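# Geometric and topological summary
Spelled out, the chains give:
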Amino acid sequence: MGYVLTVILLGANMPTSVYGLYRTEFGFTPTIQTLIYGVYVAGLVPALLFFGPLSDALGRRTVLLAALALSVVGTLVLAFADATVWLFVGRVAQGIAVGAASAAGSAALVEQEPKFDHRRAALVSTVTGALGGALGPLVSGAIAQYLPQPLRLPYLIFLVAFIPALIVLLLLPRIGDVTRPKRFFQMPHVPATIRETFWLSSLAVALSWGAVGLFQSVVPSWMTSLLNIDNLLLGGGAAALVMICSVIAQLGGSRMDPRASVTVGLGILALGMIGLLVVDLVPSLALLGAITVVVGAGHGLAFAGGMKRVNAAARTHARESHGGVLAAFFTVSYAGLAIPSIIAGIAITIQGMQTAIIELSIVGTLLCLAVMGFNLRGAREPVDARRYP
């Protein structure tokens, strides 16, 4: 199951390394570039609202098979795109695939865990997602830099990875004791008993994804203009490094109290945002690498802690709508991934790269500190939820 989630997230992150090539090929602005990056949320959010609760009713395998098929469609559209509009179409298809897979796949991991270990299931979910985010730009950057047809070949080679994913899903057993919702379709609902935990966790994760989104949409181009580096592998490597560090932080902090993990992660992210401001004023590849590590570590701790808190609370207090709660969680999280990147693209187009980075760094730092403060002051989770981190 972890492989399936990794493959779908990997495909969604492959365009990161080649956005600069697309800009040269089709001649669009930084605003359009970040819109292409973030528009898949237009497919992702409705998919979460629809497929998350639907997976409670139809089962995880059916929804995950649909997600895998949509991921293939998005990959093929991007591989053969000959105009900017097809980049939007491909990204929306990938967004629907990620949305369908996120809630259904995370719930399936919990249900398929042999010992019903919620901690392990949540860790696998967050780590596989981060691995997909790391491998996507790294693989596409390497292929695009050193092999012919850089805007087509990375996607075509990647299609091979879908074959094992299909086999895994076809062999996925059904869960016999899953509680079905009374209505076939339902909007995600967060019960009042877990609402505070949900929002504190979701907003923290949204901020962590917002920071990562800058590395996946803006930083590769920023490296080119600031440091005169145009190697696609190196640009993709920065986007990959932030996710690799996220995985390491998730593994290293796997036994941390979830609330502490979220709080520490936000503090580290605030330092990373300050670091981006410093790099913009004092350009240095080594310093940028260090800041990338910091942002990745902050993301890993905030994301893992937030995911564990929401998963535990939903499984304990809202099992009948587990998929729906996770759908709401991922909706907030992925909105955090797209919105800052789009704002960054608009700011870069209007004000220039340096001014936009300075403003985003300051705003990002203040938001991280504010949400960290709310988490420190917030009420603790119910005892039952805290037993299943």
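Residues numbered from 1 in each chain as written. Predicted model: local features only at pLDDT ≥ 70, side-chain atom pairs only at ≥ 80, totals over all residues. Heavy atoms only, no water.

The chain is annotated in an unreviewed UniProt entry as MFS transporter from Rhodococcus baikonurensis. Taken verbatim from the UniProt record of the chain, the Subcellular location (unreviewed entry) comment is "Cell membrane". (UniProt positions renumbered as here; feature names shortened; annotations may be inferred.)

### Notes on a nonpolar patch on the surface
A cluster of nonpolar side chains, contributed by Leu-271, Ile-274, Val-278, Leu-281 and Val-282, occupies part of the molecular surface with about 450 Å² of accessible area. Locating Ile-274 in the fold gives a position in helix H13 (residues 258–281). Classification of Ile-274 by relative accessible area gives partly exposed; the value is 39%. (Patch = residues over 30% accessible without salt bridge, like charges linked within 9 Å, V, L, I, M, F, W, Y side chains within 5 Å. Areas by Shrake-Rupley, 256 points an atom, 1.4 Å probe, with all protein chains shown as cover. Salt bridge = Lys/Arg side-chain N within 4 Å of Asp/Glu carboxyl O. Helix = DSSP H or I, 4+ residues; strand = E, 2+ residues; numbered from the N terminus. Buried < 20%, exposed > 50% of the residue type's maximum accessible area, 1.4 Å probe, protein only.)

### A closer look at helix H4 (residues 40–58)
If you look at H4, its biggest bend is around 35 degrees, right at Leu-48. Burial of H4 is extensive: 14 of the 19 residues sit out of reach of the surface. Just downstream of H4, Gly-59 is the residue with a positive phi angle, here 105 degrees. (Bend = angle between axes of the 7 residues up to and from the residue.)

### Some points on the packing of helix H10 (residues 195–217) against helix H16 (residues 353–377)
Relative to each other, H10 and H16 sit at 160 degrees, their axes nearing to 10 Å. The pairing of H10 with H16 is recorded here as roughly antiparallel in orientation. For the crossing formed where H10 meets H16, the hand is left-handed. Contacts from Leu-200, Leu-203, Ala-204, Leu-207 and Leu-214 in H10 reach Leu-360, Leu-367, Cys-368, Val-371, Phe-374 and Asn-375 in H16. Class assignment for the residues of the contact of H10 with H16 results in 10 nonpolar, 1 polar and no charged. (Axes fitted to C-alpha atoms, helices over the stretch in contact; angles between N-to-C directions. Parallel < 35°, antiparallel > 145°, perpendicular 65-115°, else oblique. Left-handed = near helix turned anticlockwise from the far one by under 90°. Contact = heavy atoms within 4.5 Å. Nonpolar A, V, L, I, M, F, W, Y, C, P; charged D, E, K, R; others polar.)

### Considerations on the packing of aromatic side chains
Inspection of every chain in the model, using the stated rule, returns 6 aromatic pairs. Taking the centre distance of 6.3 Å and the plane angle of 85 degrees together, the rings of Tyr-19 and Tyr-37 count as edge-to-face. Taken together, the residues span a long stretch of sequence, with Tyr-19 in helix H2 (residues 19–26) and Tyr-37 in helix H3 (residues 30–38) at a distance of 18 residues. Residue classification places Tyr-37 among the buried residues on the basis of a relative accessible area of 2%. With centroids separated by 4.9 Å and ring planes inclined at 85 degrees, the aromatic side chains of Phe-50 and Phe-51 adopt a geometry described as edge-to-face. A relative accessible area of 37% places Phe-50 in the partly exposed class. Here Phe-51 falls in the buried class, since its relative accessible area comes to 16%. (Phe/Tyr/Trp six-rings, centres within 6.5 Å; stacked < 30°, edge-to-face > 60°.)

### Digging into the confidence of the model for the chain
Per-chain confidence: the chain averages 84 in pLDDT, with 88% of residues scoring 70 or above. Least confident of the elements in the chain is helix H17 (residues 383–386), whose mean pLDDT is 42; most confident is helix H8 (residues 153–158), at 94. Note on residues 382–389: pLDDT is under 50 here. Beyond four places in sequence and across chains, it has 18 contacts. (pLDDT = per-residue confidence, 0-100.)

### Side note on the packing of helix H11 (residues 219–227) against helix H12 (residues 232–252)
It is the contact of H11 with H12, at a shortest axis distance of 9 Å, that shows an interaxial angle of 130 degrees. Regarding the angle of H11 to H12, the classification is oblique. The two elements H11 and H12 cross, and the hand of that crossing is right-handed. On H12, the residues that touch Val-219, Pro-220 and Met-223 of H11 are Leu-234, Gly-235 and Ala-238. Here the residues of the contact of H11 with H12 sort into 5 nonpolar, 1 polar and no charged.

### Description of the side chain of Thr-128
Counting through the fold element by element, Thr-128 comes out in helix H7 (residues 118–146). Beyond its immediate sequence surroundings of up to four residues, Thr-128 is in contact with Gly-2, Leu-5 and Thr-6.

### Here we look at the nonpolar core
In this structure, Tyr-22 and Tyr-334 are the most contacted members of the largest nonpolar core, which totals 109 residues. The element best represented in this core is helix H15 (residues 322–351), accounting for 13 residues. Excluding anything up to four places from it in sequence, Tyr-334 contacts Leu-9, Tyr-40, Val-41, Leu-44, Leu-48, Val-98 and Ser-102. (Core = buried A, V, L, I, M, F, W, Y, C linked by side-chain atoms within 4.5 Å.)

### Considerations on unusual backbone geometry
One non-glycine residue, Gln-149, lies in positive phi territory at about 50 degrees. You can see Gln-149 is positioned in the loop between H7 and H8.

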